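Listed below, chain by chain, are the residues.
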Amino acid sequence: MNAVPIEAIHADLLSKFSDMIGDLRREPAETGTAYIVVKAEWIRDVCLYLRDDPHYLMNNLNLLSCVDFREIKGQEYQGQLGVVYHMSSLQPVGDEWKTIHSVAIRSYVPLSDPHIPSVARVWRTADWHEREGYDMFGIIFDGHPDLRRILLPSDWEGYPLRKDYKTPDYYNGMKVPY
Amino acid sequence: MGLLNKLDNIESFETGNFVFSTVESLLNWGRLSSIWQMGFGLACCAIEFMAANASNFDMMRFGVIPRPSPRHSDVIIISGTVTLKMATRVKRLYEQMPDPKYVISMGSCSNCGGPYWEHGYHVLKGVDRVIPVDVYVPGCPPRPEALLEGLIRLRDKVRHQSLSKA
């Protein structure tokens, strides 16, 4: 199995999913990690394709993280929430396992209605990552098998890593601020 | 120890080996010599806490034995960051301990919130907001010597406590 550069993956995704796939971008422009923008409704299909296509075989989800982009000025995603997927293909080469190629995918969801399809059925790794994303950002991952808070107590109110989060004064009778 | 054990033995009075003591100081002596701690750690302070328990620092020479249950323990050492989720559990563990019970707050986090004092939405700013603390040990984390010093302070406190006053 040969390594596929991200430019080739982007071109192939464009031919398969046409206008559901956005640009290939880097931030900062020259030195940053390249990522592909995908429309939120199609993220599960794109992930499934990248996992199962014999050219890619992205069998490993390295990281699923969420970002609050509301204060980023001058970008088309300003005022939205984002979900970033880092995935790679881990294959046996001789005696050891090596990362053949990897890709980063980003999706944007609106703050007012943050819904995105779950990829927990594509990679089991995503199960707890998506629960953490729900816990901290309040992004609803549709189709997740067990979407509830993972770190904070179940009776917590609000989503702490959102930019507009205010620390509560009291939690269960305990004073929170210093 | 040898003399006190002979208090029960009437023979010892005849041979002259007896001591006079007050009930208060006898009880206090017993309590401070066998402070059983709860085997309980929360964060990075628990690593120093384990080092204090191990052979280099040897807390057991003060009669401190880690116990697996709060119902066996005399002291709970809050060793680390107390999150709000954990605070309810800490409170319950403290309530399960039999009297007399003591609390050592170990490290900046459980003293006052530590580095989480401003932006830690999930951290209790000092375990004394939930349970009463006898000895505060500063440090981030405190060295095992500092924890031993805190333990000796607790022993001093137990030595001077009174049965008549609450």
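Scroll up to find the structure this text is about.
I will try to describe carefully the structure that is included in this document. In this text the structure is predicted, and so the values were computed from the model without any measurement.

**What to know about the overall build of chain B**
Looking only at helices and strands, chain B has seven helices and five strands in total. The burial tally for chain B puts 40% of its 166 residues in the buried class. At a minimum sequence separation of 6, the contacts of chain B that also span at least 24 residues come to 75%. On chain B, roughly 9,000 Å² of surface is accessible, and the fraction owed to carbon and sulfur atoms is 57%.

**Observations regarding the side chain of S89 of chain A**
Residue and element names in this part refer to chain A. Its place among the elements puts S89 in strand β4 (residues 80–93). Since its relative accessible area comes to 0%, S89 is described here as buried. Among the polar contacts listed, one links the side chain of S89 to the backbone oxygen of Y56, at a separation of 3.2 Å. A polar side-chain atom of S89 sits 2.9 Å from the main-chain carbonyl oxygen of L57.

**Some details on the pairing of strand β3 (residues 75–79) of chain B**
Of all five residues in β3 of chain B, five are buried; the element is thus mostly enclosed. As for the winding sense of the linkage, the β-α-β connection from β3 of chain B through helix α5 (residues 84–96) of chain B to strand β4 (residues 102–106) of chain B is right-handed.

**Side note on helix α4 (residues 45–53) of chain B**
Residues and elements named next belong to chain B. Within α4, burial applies to C45, A46, F49 and A52. Seen from one end, α4 has its buried residues packed into an arc of 110 degrees, which puts them on one side. For α4, the secondary structure elements touched by its buried residues are β1 (37–38), β3, β4 and α7 (144–159).

**A look at the interface of chain A and chain B**
Each partner contributes to the interface: chain A provides 15 residues, whereas chain B provides 13 residues. Here chain A packs against chain B, burying approximately 1,200 Å² in sum over the two surfaces, 70% of which is carbon and sulfur. Contact with chain B buries surface across chain A, with M174, V176 and Y178 of chain A losing the most and accounting together for 48% of the total. At the junction of chain A and chain B, the tally comes to zero salt bridges. Our count for the contact surface shared by chain A and chain B stands at four residue pairs in polar contact (both at pLDDT 80 or more). The residue inventory of the side of chain A that touches chain B, partitioned by class, reads 13 nonpolar, one polar and one charged.

**Quick word on the state of the cysteines**
Residues and elements named next belong to chain B. Scanning all chains against the criterion turns up zero disulfides over all chains. Distance from the sulfur of C44, which forms no disulfide, to the nearest cysteine sulfur (C45) is 5.5 Å. The buried category is assigned to C45, whose relative accessible area is 7%.

**Side note on the packing of helix α3 (residues 23–33) of chain B against α7 of chain B**
Residue and element names in this part refer to chain B. The contact between α3 and α7 brings their axes to 8 Å, and the two run at 160 degrees. Classified by the angle between their axes, α3 and α7 sit roughly antiparallel to one another. As for the relative orientation of α3 and α7, their crossing is right-handed in sense. Contacts between α3 and α7 involve N28, R31, L32 and S33 on the former and, on the latter, R155, V158 and R159. Looking at the contact of α3 with α7 residue by residue, the class counts come to two nonpolar, two polar and three charged.

**Quick notes on α5 of chain B**
The end-to-end C-alpha separation of α5 of chain B is 19 Å, in line with the 18 Å expected for 13 residues at 1.5 Å each. Contacts from the buried residues of α5 of chain B go to β8 (170–171) and β9 (174–175) of chain A together with β1, β3 and β4 of chain B.

**Some points on the pattern of salt bridges**
Close approach of charged atoms lets side chains of opposite charge pair. Residue and element names in this part refer to chain A. Going through the model one piece at a time under the given rule, you end up with 13 salt bridges over all chains. Among the salt bridges present, the one from E7 reaches R26, with a minimum N-O distance of 3.6 Å. Here the residue E7 occupies a position in helix α1 (residues 6–17), and R26 occupies one in strand β1 (residues 21–26), the gap between them amounting to 19 residues. The partly exposed category is assigned to E7, whose relative accessible area is 42%.

So, how was this worked out
- Positions within a chain are numbered from 1, following the residues in the order the chain's sequence is written.
- Written order determines the labels here, with chains lettered from A and ligands numbered from 1.
- Only residues with pLDDT of at least 70 get local features here, since the model is predicted, and only at 80 or more are side-chain atom pairs given and counted; chain-wide, interface and lining totals rely on the full set of residues.
- Values shown for side chains rest on all heavy atoms present in the structure; no hydrogens or waters enter the calculation.
- Counting from the N terminus, the helices are the DSSP runs of H or I reaching at least four residues and the strands are the DSSP runs of E reaching at least two.
- Per-residue accessibility, obtained with a 1.4 Å probe over protein chains only, is compared with the maximum for each type, and a residue is labelled buried under 20%, exposed over 50%, and partly exposed between these values.
- What makes two residues a contact is simply this: any of their non-hydrogen atoms within 4.5 Å.
- Surface exposure here means Shrake-Rupley accessible area, sampled with a 1.4 Å probe, where a residue is shielded only by the protein chains that are shown.
- Between N or O atoms, a polar contact is any pair within 3.5 Å; within protein, one atom must be a potential hydrogen donor and the other a potential acceptor, and residues adjacent in sequence are included only when both atoms are from side chains.
- Look down the strands so they point away from you; if the path from the first strand over the helix to the second goes clockwise, the crossover is right-handed.
- When we speak of the arc, we mean the arc of directions from the helix axis to the C-beta atoms.
- The term buried area means the drop in 1.4 Å probe accessible area that two parts suffer when joined, counted for both and summed.
- Put simply, a salt bridge is a Lys or Arg side-chain nitrogen that is within 4 Å of an Asp or Glu carboxyl oxygen.
- The nonpolar class holds Ala, Val, Leu, Ile, Met, Phe, Trp, Tyr, Cys and Pro. Asp, Glu, Lys and Arg form the charged class, and all remaining residues, Gly among them, are polar.
- Cysteine sulfur atoms that pair up within 2.5 Å are treated as a disulfide.
- To define axes, lines are fitted to C-alpha atoms, for helices over the stretch in contact only, and angles between the resulting N-to-C directions are given on a 0 to 180 degree scale.
- Working rule for angles: under 35 degrees goes down as roughly parallel, over 145 as roughly antiparallel, 65 to 115 as roughly perpendicular, anything else as oblique.
- By definition, turning the near helix anticlockwise from the far helix through less than a right angle yields a left-handed crossing, and turning it clockwise yields a right-handed one.
- Expected span of a helix, by definition, is 1.5 Å for each gap between consecutive residues, and there is one gap fewer than residues.

Note that every value here comes from positions in space, so none of it alone points to a role or purpose.
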